[in-house]
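Residue-level structure breakdown
If you want the building blocks of each chain, they are given just below.
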Amino acid sequence: MAHPVFLNLIGGERLSARSGKTVLNLNPADHDDVVGEFPASGAEDVALAVAAAKKAFATWRLVPAPKRAEILYRTGQLLQERKEQYAHDMTREMGKVLAETRGDVQEAIDEAYYVAGEGRRLFGKTTPSELQNKFAMSVRMPVGVVGLITPWNFPMAIPSWKLFPALVSGNTCVIKPATDTPLSVYNLVQALVDSGLPPGVVNIVSGSGSSAGTALVEHPDVRAISFTGSSEVGSLVAQRAAATFKPVSLEMGGKNAQIVLDDANLDLALDGALWGAFGTTGQRCTATSRILLQKGIAEEFITKFVARAKKLKIGNGLDESVEVGPQVNASQIETSEKYVEIALGEGAKLLAGGHALTDGSYSKGTFFEPTVLGGVTPTMRIAREEVFGPVVSLIEFDTYEQGIEIANSIDYGLSTALYTKDVNRAFAAIRDLEAGITYINAPTIGAEVHLPFGGVKHTGNGHREGSEAIDFFTTWKAVYVDYSDKLQRAQIDNAE
Ligand code: UN1
């Protein structure tokens, strides 16, 4: 069957890449299933999109924020109506199971309704002036044209975290979706367009990070960049953006720990660890990649965890009985394989999985077994570096203090979880875990849209999405209105 061909969206028009080049988007569970053909854009296409966004900014910034927000509200409604179709498309292009792609679309719906409310807030501050008959306030202004570079693991939710706050704030956008999952961004933007978003306010340029992404980061008319992806690429984005002093919001890697104390509800901790490590096939920046076990429960936990990991059903995410879908592409499989090899070389023990699945129905996709590594020590590479696959390390410790120390002993700091019934330890851990997110008696994955999202150390560069995204997509203007009808000199005329 002929596959659909998608074009860039620039100034309301559908355009192919100027070079004419395209890339195929394949289902990672079945490479015979071609999801679509997308433009392989370059600098010329980015330049057109930025020019269209710049033109649209002149009028979009003047649309009252509550009106901008109404478009987002309608978008939420349309996403709700189209949820099943968009989830299905997403499973085909990204691989994660339908229950999870429905969750991904739901996260975009939640974000639409949450940010729509922001249209009637966007609060600034008023403050007294030091002079008589003078009024002082601060107001939020849009930044201008913003560039958004989004990942493949949350193909609709993460684009919505960036697009919606950028739009309600009055910015216009050029978005470059991940090469593996452009369709979900097309679907999201289609819902915006069908809700009345004017042409040029959001422009899509599909293509690789090295061509389209770099051009967007370097374009002088792009005023800010919001990026989610690996720490390696994030560092390049920040360095390139520095040349034109662009603010950059980076959301990057994790090496998230779930700590299980001796007094924990063990079944609950097992459920959490299984979901945190193997949900989304381990391909979340919040995924549990280290399970830190206090000695008293370690043996029992490991036996039960390994047995359950081995039983997980792996397959095509469109099959509702499947629990773990494929990895997104062959290069991710190579990374998982490489890290299993590194771990075994360092002395870790393979307790479950460890291999790509290539036989029978798996032969057409990129599947990797849920993998459990035991006997891991905190200094091994497998305990410190992000894998972004279904590979989890088990590390044992004696005291609560050691558990916290191991959790903190890495370069990343996104999500952490502690399982305990001791409320004192829970609050101490909330204080002491070096991470942007801490869960008590819940897994490391599952952040909600109306709380700050982001991390410390190499996970981010200090910005937060979710509840704080507006801070990145607006710039402050200080306003003074002097109604004294005379020259009043600050710091001089009011001095004793
Ligand atoms: C990510 O993996 O980049 O908290 C985002 C979670 C999801 C978002 C993950 N709501 O696991």
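Relevant structure appears above.
To start, this report covers the structure provided alongside it. If you're wondering where the values come from, they're calculated on a predicted model, not measured in any experiment.

Here we take up the overall build of the chain. Helix and strand content of the chain: 14 helices and 25 strands. Against the 2.2 N^0.38 benchmark of 23 Å for 496 residues, the chain shows a C-alpha radius of gyration of 24 Å, consistent with a compact globule. Looking at the 496 residues of the chain, the share that counts as buried comes to 56%. Considering only residue pairs separated by 6 or more positions, the chain has 75% of its internal contacts joining residues 24 or more positions apart. A total accessible area of about 20,600 Å² is found for the chain, and carbon and sulfur atoms account for 53% of it. Placing the 46 positive and 58 negative side-chain charges of the chain at their respective mean positions leaves the two points 5 Å apart.

All right, on to the sheet that holds strand β14 (residues 349-352) then. Strand order in the open sheet formed by seven strands is β14-β17-β18-β13-β12-β20-β21, with mixed pairing between adjacent strands. Edge positions in the sheet fall to β14 and β21 (437-440), since each of these pairs with one other strand and no more. Along the sheet, successive strands turn relative to each other by an average axial angle of 25°, direction set aside. With five bridges connecting them, strand β13 (residues 288-294) and strand β18 (residues 391-397) associate as parallel partners. Paired with L292 across the bridge in β18 is I395. Sheet strands touched by helix α10 (residues 295-311): β12 (256-260), β13, β14, β17 (371-374) and β18. Its angle to β13, the strand with the most contacts, is close to 145°.

This part takes up the sheet that holds strand β25 (residues 474-482). The strand order across the open sheet formed by three strands is β5-β6-β25, and the pairing between neighbours is antiparallel. The open sheet has two edge strands with one neighbour each: β5 (125-128) and β25. Taking the axes of each pair of neighbouring strands and ignoring which way they run, one obtains an average angle of 25° across the sheet. Pairing geometry for strand β6 (residues 134-142) and β25, over nine bridges, is antiparallel. Across the sheet, the residue bridging to R140 is W476, located in β25.

The subject of this paragraph is the site of the ligand. Surrounding the ligand, one finds E107, N153, F154, I158, W161, R284, C285, T286, I445, G446, A447 and F453. Side-chain polar atom of R284 to an oxygen atom of the ligand: 2.7 Å apart, as the coordinates give it. For the ligand, the protein covers 98% of the area, taking 320 Å² as the surface of the free molecule. When each cavity is represented as a set of grid points, the ligand is found to reside in the second largest pocket. Across the shell around the ligand, the residue classes tally to seven nonpolar, three polar and two charged. Looking at the shell around the ligand, you find at least three residues from each of domain 1 (8-252 + 460-478) and domain 2 (256-440).

Taking a probe equal in size to a water molecule and rolling it over the atoms shows the remaining empty space. Within this model, the largest pocket holds a volume of roughly 1,100 Å³. As for the largest pocket, its lining consists of 44 residues, of which F227, G229, S230, S231 and V233 are closest to the centre. Mapped onto the lining of the largest pocket, the elements with two or more residues apiece are α7 (209-218), β10 (224-228), α8 (231-242) and α11 (330-346). Broken down by element, the residue count for the lining of the largest pocket peaks at six residues, all from α8. For the lining of the largest pocket, the residue count by class is 17 nonpolar, 18 polar and nine charged.

All right, on to the environment of A243 then. Of note, A243 is situated in the loop between α8 and β11 (248-251). Taking relative accessible area as the criterion, A243 reaches 63% and is therefore assigned exposed.

Our next topic: the environment of S160. Position of S160 relative to the elements: it lies in helix α5 (residues 157-168). Each C-alpha atom of the pair S160 and A108 lies 5.4 Å from the other, and the pair is 52 residues apart in sequence. Discounting chain neighbours no more than four positions away, the residues touching S160 are E107, A108, E111, P165 and L188. At 2.7 Å, the side chain of S160 and the backbone oxygen of A157 are in polar contact.

With that out of the way, let us pick up the pattern of salt bridges. If charged atoms from side chains of opposite charge come close, those side chains can pair. Per the counting criterion, the structure on display carries 21 salt bridges. With a closest N to O distance of 2.9 Å, E84 and R102 form a salt bridge. Linking E84 in helix α3 (residues 83-94) with R102 in helix α4 (residues 98-118), this pair joins segments that are 18 residues apart in sequence. Look at the salt bridges and you will find they share partners, linking E84, R102 and E320 into a network.

With that settled, consider the packing of helix α12 (residues 400-408) against helix α13 (residues 423-432). Interaxial distance between α12 and α13 falls to 11 Å at its minimum, and their mutual angle equals 25°. With respect to α13, the element α12 is oriented roughly parallel. As α12 packs across α13, the resulting crossing turns out to be right-handed. On α13, the residues touching Y400, I404 and N408 of α12 are R425, A428, A429 and D432. Counted by class, the contact of α12 with α13 contains four nonpolar, one polar and two charged residues.

Among the nonpolar cores identified, the biggest contains 48 residues, and L79, L163, F164, L167 and V202 are the most heavily contacted of them. Residue contacts for V202: discarding those within four places in its chain leaves L9, L163, L167, C173, I175, V189, L192 and L197. Within the second largest apolar cluster, 45 residues are counted, among which are F154, A269, V392 and F453.

Let us look at empty space enclosed by the protein. Applying the stated rule across the entire model yields five cavities of 30 Å³ or more. In this structure, the largest cavity encloses a volume near 80 Å³. Lining the largest cavity are 14 residues, with G282, R284, A287, S289 and F388 positioned closest to its centre. Across the lining of the largest cavity, the residue classes tally to six nonpolar, six polar and two charged.

A separate point is the side chain of T75. Along the chain, T75 falls in helix α2 (residues 65-81). Given a relative accessible area of 0%, T75 falls into the buried group. Once you skip the residues sitting within four places of it in the chain, T75 turns out to touch F164, A191, L192 and S195.

Definitions and limits used
- Residues numbered from 1 in each chain as written.
- Predicted model: local features only at pLDDT ≥ 70, side-chain atom pairs only at ≥ 80, totals over all residues.
- Heavy atoms only, no water.
- Helix = DSSP H or I, 4+ residues; strand = E, 2+ residues; numbered from the N terminus.
- Rg over C-alpha atoms; globule rule 2.2 N^0.38 Å.
- Buried < 20%, exposed > 50% of the residue type's maximum accessible area, 1.4 Å probe, protein only.
- Contact = heavy atoms within 4.5 Å.
- Areas by Shrake-Rupley, 256 points an atom, 1.4 Å probe, with all protein chains shown as cover.
- Lys, Arg positive; Asp, Glu negative; His and termini not counted.
- Charge placed at Lys NZ, Arg CZ, Asp CG, Glu CD.
- Pairing = 2+ DSSP bridges.
- Axes fitted to C-alpha atoms, helices over the stretch in contact; angles between N-to-C directions.
- Near = heavy atom within 4 Å.
- Polar contact = N/O pair within 3.5 Å; in protein donor to acceptor, adjacent residues only side chain to side chain.
- 1 Å grid on protein atoms, 1.4 Å probe; cavity = no way out; pocket = protein on both sides within 12 Å on 5 of 7 lines; lining within 4 Å.
- Sits in = over half its atoms within 2 Å of the grid points.
- Nonpolar A, V, L, I, M, F, W, Y, C, P; charged D, E, K, R; others polar.
- Domains from an automatic or database assignment.
- Points joined across faces, edges and corners; volume = space filled by probe spheres on them.
- Salt bridge = Lys/Arg side-chain N within 4 Å of Asp/Glu carboxyl O.
- Parallel < 35°, antiparallel > 145°, perpendicular 65-115°, else oblique.
- Left-handed = near helix turned anticlockwise from the far one by under 90°.
- Core = buried A, V, L, I, M, F, W, Y, C linked by side-chain atoms within 4.5 Å.

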